[in-house]
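# Fold and contact review
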Amino acid sequence: MGFPGCLLLPAGHPLGRSSAACAGAGNTRIPILLAWLWASMTGFPMTDAGISEAAPLRLVNGSSRCAGRVEVLHNQVWGTVCDDSWDITDAGVVCRQLGCGTASSASGGARFGQGSDSIWLYDVNCAGTEAALSNCRAPPWGENNCNHGEDAGVVCSDSGNSEVAPLRLVNGSSRCAGRVEVLHNQQWGTVCDDSWDKTDAGVVCRQLGCGTALSAPGGAQFGQGSDPIWLDDVNCAGKEAALSNCRAQPWGTNDCNHGEDAGVVCSGSDISEVAELRLVNSRSRCAGRVEVFHNQQWGTVCNDNWDLQDAGVVCRQLGCGTALSAPGGARFGQGSDRIWLDDVNCTGTEAALSDCWARPWGDNNCTHRDDASVVCSGSDISEVAELRLVNSRSRCAGRVEVLHNQQWGTVCNDNWDLQDAGVVCRQLGCGTALSASGGARFGQGSDRIWLDDINCTGTEAALSDCWARPWGDNNCTHRDDASVVCSDAGISEVTQLRLVNGPSRCAGRVEVFHNQQWGTVCDNSWEVQDAGVVCRQLGCGTASSAPGGARFGRGSDRIWLDDVNCTGTEVALSDCRARPWGDSNCTHGEDAGVVCSAADMGVSSSPSEVRLVGGPHRCAGRVEVRLDGRWGTVCDDGWNMKDVAVVCRQLGCGPAMEALSKVFGPGKEADPVLMINVQCQGTEAALGSCSYEDPGDLCQHDEDAGARCQAADMGVSSSPSEVRLVGGPHRCAGRVEVRLDGRWGTVCDDSWDLGDVAVVCRQLGCGPAMEALSSKVFGPGKEADPVLMTNVQCQGTEMALGSCPYEDPGDVCQHDEDVGARCQEVRLVGGPHRCAGRVEVHLDGRWGTVCDDGWDMKDVAVVCRQLGCGPAMEALTSKVFGPGPKSDPVLMMNVQCQGTEAELGSCPYEDPGDLCQHEEDAGARCQAPVRLVGNNTRCSGQVEIYYDGRWGAVCGLGWDLTDAKVLCRELGCGSPRYVTHHCSKLSQSSAPVLLGELECTGREASLTQCRAQAWEGKHCPHHRDTGVMCQEPFALRLVNGTSKCSGRLEVRYDGLWGTVCDDNWSENNTQVVCRELGCGPAEPLARKLQDRPRFGQGTGEIWLDDIRCKGNETTLQNCAHRFWSYHDCTHWEDISVVCQDN
């Protein structure tokens, strides 16, 4: 046996290689030799040892054999590798396999020219330890959605090819600051600022020996270049030796102009630019009023647009940790010198506050009452009062309680609104606020009432940072306790409900309001327990009966709900378990009805039963209602705009304008007070339909409620034509413009928030509110147009922006403060969480689906970005998440996104007309916000969570089985089998520790909804990382047959076995099952369903329906199918399979 330079084995030996293939053997020689010697001595057949054949590999079209386009040999044909997911780790395996050292760069976009043969591999995912590229994880050979414009390339360290394009910074005050220019093809050119950030700038600074990056300005801050734009969409990992080693579009390919030239300021630039900064007027240097030093003088910062992102830059600059709150309104006292900065707008990555965008020094429209402040985490100022929501089934909904002086107490609902509720939800990590109710909706507290007249700006980190009366100072009772429902509560936003066609408002056909349309409920599984929830929601007592079969007549609109299954404790019918909205197999002959115990109480809901008295016209005045044949007033406890909206609608007046108290005088002494704690949802037809209490002797006439509606002849119409969004990518995003007194104008951004945007989105028939934008995001309005509104204060329930309270701005606001709005235009439906499901878009006022023709990962990437989810994982087709409702249109086909767009509506697409049906609805799966890493399966490993835009580990302090249950359920795995704080069984995470002290109740849908503490910078060595092993979710078996290769098909999901429905079952499906079970080929299926062999009916879950396999899948769960447990089958339709028995 010889070993001159490579291991040469006899022909036909399991480890035999041609001498040509030995060229890159390198450091693998000795392990191969030892393995062969061991095999020879023991007789162990190494063909079964799990050592895969390494596919030959080459780099072509480069300057040496160690640089070029990657090509692999498979089936005697050379082919290329697609650049999807291609990175420096994958390139490192290539270089090591070829004996070319380490990887210098991993390029995409056919940088070394396009190949012409097969594309053999894509989505390659190497761990970095593999001996050959063909050992890395990837889809099957030849399976891809790429073209040769995406061929991957590699430059290795032994290529003898520097590949480092010369670089310079020009037009700055030193060689370490300026416009970025690179030399290519003997010509200097610029870099486009698309995706340009401090990571990219850091590579530039390191390459030039200029230290670290201070900032990465775009927009040609250092002047516009005049030569080619060489690079675009630069995406550096941060470890590259040169900018030309970073991923980017091919040289010269871009969609930019020189107005987008990128710049860099490095720490070695000797550009001071960093204005000195301090926080004053508190007991800690890390909290106080913000002051900056300019022109040898200290001055303050105005709180216009001041938020947590700006405060974060201050804290980082001072070495004070992260920002806890960004209060305005001179929280730490008024300054007395200059106001240096106004309209500060930081991206959050700046090294100093003076690097952020702002008006010129000293240019402002503020007084010292507007001085901005900051409280940083390093201040040792706790100030954040502990908070909880109680008396509901979720920790993210309930009565608000705060801890002060070691005692829990409630919050009074005076001035309580969505902005205040939003601070509560953010403090608890519960998402955004859905509702901010008063009137003790979640029951009355019994301890102290700690806070009253709360007024949050919306940027506070904690409720205790908001302005309020002193602790314990209030004029309230526990009937005024404030409540909150957050988006992560798992409690939907209490869909409106009514009973129609019955003898009273407490008996009739059940109808629910969804997507701006009333619809009925199917009587499948409908019972008294479900009816009880309806009666309680309507304030109609208990359920007397739950009739089906359209007892109260047939509806004519949508059938919204089917298979409703309430536990009986829900607050609203929409909180009960049911099929997805609109998914039913019913007709209106099955419409469900309810008769409640209060059905015979006789309260009429006709418009004549309410009136407004003592006002200037019939649409404004003291509210009086007629109950039991007598007129009386309404107590103002809990009285709000939703209640007024019902009164205005009942009287045929315009939208609600104001909820008033004592304005129109007291009622007659002889008349009773008939209602207190009225709690309307805002959609009821009459005030008598709302829930309320009998006041008894609790209220006198000095608390009589009033209302003011927009009278039909009082000026501003509430029609959708009176507001518009201008300058955005589509009609549902842009600068807000409103029409008042016959002229169009803009809205000032003072106090502009999501509640206001919600009204704009509703008025325009767009989707839900996504962002409240300010400061010229969509450009300033025309100079000739006025600014018509400031300090808009919508509750969020109004039908038109003109119905909200606002002020005339006069000369206080200019167009540089024009507001913008963005409404939701895409959603994922029918999946396990909000980041996976059927794609639905909102176009021209209606929701519809997207056809899967041309649907790919670039399109999914845009959807994921638009929804704020993680990276794109899968572009799915053919009803994976079920078809859309038949009544909804298919709105898009041949979507062609580049992958960089901010919204799906910005991508080119075609109107499908009649070309696509719902069986072609596209789906998307984005990276869920949690994952398990370091193990071979997705259901075990170290816990990582996507937080603050990056992946990080979770410190094991407090980690327990309850937390693990939430995680396993979120990942679609079974119950947790093993929980660890150590690494004895699970590999260690290399990510930074971002969160700690996780505390789940066990009911959360996602780990991100559990309480947790920010942990970065705190001590938690990686041996305290959290780990979990969940039960593997999927397996299949054939039961009740003569062997394991025949019987009724059952699959295991989430730890439970269930059956598979025979809808659309095909020969391909059967072949996949037989192959997965290790059986022989499938026996031919009988042509007629009734002639197929049957092995009895199953019990329990029917897990899968409408399975459509191509036939080449390795497991049944990879075939297209409806989402787990969604079906329209019974166990009579359980599929059976017969395979040849090996």
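Here is what the cut-offs are and how they apply
- Residues numbered from 1 in each chain as written.
- Predicted model: local features only at pLDDT ≥ 70, side-chain atom pairs only at ≥ 80, totals over all residues.
- Heavy atoms only, no water.
- Helix = DSSP H or I, 4+ residues; strand = E, 2+ residues; numbered from the N terminus.
- Buried < 20%, exposed > 50% of the residue type's maximum accessible area, 1.4 Å probe, protein only.
- Contact = heavy atoms within 4.5 Å.
- Areas by Shrake-Rupley, 256 points an atom, 1.4 Å probe, with all protein chains shown as cover.
- Core = buried A, V, L, I, M, F, W, Y, C linked by side-chain atoms within 4.5 Å.
- Salt bridge = Lys/Arg side-chain N within 4 Å of Asp/Glu carboxyl O.
- Disulfide = S-S within 2.5 Å.
- Phe/Tyr/Trp six-rings, centres within 6.5 Å; stacked < 30°, edge-to-face > 60°.
- Polar contact = N/O pair within 3.5 Å; in protein donor to acceptor, adjacent residues only side chain to side chain.

When helices and strands are tallied, the protein shows eleven helices and 61 strands. Residues counted as buried form 52% of the 1142 residues belonging to the protein. Intrachain contacts of the protein at a sequence separation of at least 6 include 70% that bridge at least 24 residues. When the accessible surface of the protein is split by element, carbon and sulfur atoms take 46% of a total near 49400 Å².

Counting residues in each nonpolar core, the largest one holds 27 residues, and the members touching the most others are Val400, Val411, Trp416, Val424, Ile454, Leu463 and Val484. Taken together, the elements giving at least two residues each to this core come down to strand 19 (387-390), strand 20 (397-404), helix 5 (418-428), strand 23 (448-451) and strand 24 (483-486). A per-element tally of this core places helix 5 first, with five residues. Residue contacts for isoleucine 454: discarding those within four places in its chain leaves Val411, Asp414, Asn415, Trp416, Asp420, Leu463, Cys466, Trp467 and Ala468.

Before going further, it helps to examine the pattern of salt bridges. Counted by the stated rule, this structure contains 33 salt bridges. Across the pair arginine 469 and aspartate 453 runs a salt bridge, and its minimum N-O distance is 2.9 Å. In this pair, arginine 469 is assigned in the loop between strand 23 and strand 24 and aspartate 453 in the loop between strand 23 and strand 24, connecting sequence segments 16 residues apart. Judged by its relative accessible area of 24%, arginine 469 falls in the partly exposed class. Between arginine 611 and glutamate 624 there is a salt bridge whose closest N-O contact spans 2.9 Å. Of this pair, arginine 611 sits in strand 31 (residues 610-613) while glutamate 624 is found in strand 32 (residues 620-627), placing the two residues 13 residues apart along the sequence.

Let's shift gears to the state of the cysteines. Evaluation of the coordinates by the stated rule reveals 28 disulfides. The side chain of cysteine 315 participates in a disulfide bridge whose partner is cysteine 376; the two sulfur atoms lie 2.0 Å from each other. Between cysteine 315 and cysteine 376, the S-S dihedral sits near -90°, and the bridge is therefore left-handed. Of this pair, cysteine 315 sits in helix 4 (residues 308-318) while cysteine 376 sits in strand 18 (residues 373-376), placing them 61 residues apart in sequence. Judged on exposure class, the residue cysteine 315 and its partner cysteine 376 are both buried. The partner cysteine of cysteine 1045 in its disulfide is cysteine 1079, sulfur to sulfur 2.0 Å.

Moving on, we get to the packing of aromatic side chains. Applying the stated criterion to the full structure yields seven aromatic pairs. The interplanar angle of 80° and the centroid separation of 6.2 Å between the aromatic rings of tryptophan 120 and tryptophan 141 together place this pair among those described as edge-to-face. Here the residue tryptophan 120 occupies a position in strand 5 (residues 118-121), and tryptophan 141 occupies one in the loop between strand 5 and strand 6 (153-156), the gap between them amounting to 21 residues. Centre to centre, the rings of tryptophan 230 and tryptophan 251 are 6.3 Å apart; their planes meet at 80°, and the pair counts as edge-to-face. Separated by 21 residues along the polypeptide, tryptophan 230 in strand 11 (residues 229-231) and tryptophan 251 in the loop between strand 11 and strand 12 (263-266) bring together distant segments of the chain.

Of all eleven residues in helix 7 (residues 641-651), eight are buried, a share of seventy percent or more. Of the residues making up helix 7, those classed as buried are Met641, Asp643, Val644, Val646, Val647, Cys648, Gln650 and Leu651. Elements that come into contact with the buried residues of helix 7 comprise strand 31, strand 32, strand 34 (656-661), strand 35 (673-679) and strand 37 (705-709).

The phi angle at glutamine 76 is positive, at roughly 65°, despite the residue not being glycine. Secondary-structure assignment places glutamine 76 in the loop between strand 2 (67-74) and strand 3 (77-81). Judged by relative accessible area, which is 74%, glutamine 76 ranks as exposed. With phi around 50°, glutamate 997 is a residue other than glycine that occupies positive phi space. The topology assignment puts glutamate 997 in strand 54 (residues 993-999).

One can find aspartate 465 in the loop between strand 23 and strand 24. With relative accessibility at 6%, the residue aspartate 465 sits in the buried group.

Moving on to the environment of asparagine 415. Along the polypeptide, asparagine 415 turns up in the loop between strand 21 (407-411) and helix 5. Given a relative accessible area of 55%, asparagine 415 falls into the exposed group. Spatially, the C-alpha atom of asparagine 415 lies 9.7 Å from that of glycine 438, the residues being 23 residues apart in sequence. Residue contacts for asparagine 415: discarding those within four places in its chain leaves Asp420, Asp453 and Ile454.

This brings us to the side chain of aspartate 888. Summarising the element assignment, aspartate 888 is placed in the loop between strand 47 (872-876) and strand 48 (890-892). In this structure, aspartate 888 is in contact with Arg558, Trp847 and His918, ignoring residues within four places of it in sequence.

Glancing now at helix 11 (residues 1067-1077). Because an α-helix completes one turn every 3.6 residues, residues spaced three or four positions apart along the sequence face the same direction. Buried within helix 11 are the following residues: Asn1069, Thr1070, Val1072, Val1073, Cys1074 and Leu1077. Elements that come into contact with the buried residues of helix 11 comprise strand 57 (1035-1040), strand 58 (1046-1053) and strand 61 (1136-1138). Looking one or two places after helix 11, you find glycine 1078, whose phi comes out positive at around 75°.

All right, on to the side chain of glutamate 291 then. Residue position: glutamate 291 is located in strand 14 (residues 287-294). Taking relative accessible area as the criterion, glutamate 291 reaches 6% and is therefore assigned buried. A distance of 2.7 Å separates a polar atom in the side chain of glutamate 291 from a polar atom in the side chain of arginine 278. At a separation of 3.0 Å, a polar atom in the side chain of glutamate 291 contacts the side chain of arginine 289.

By themselves these figures say nothing about function.
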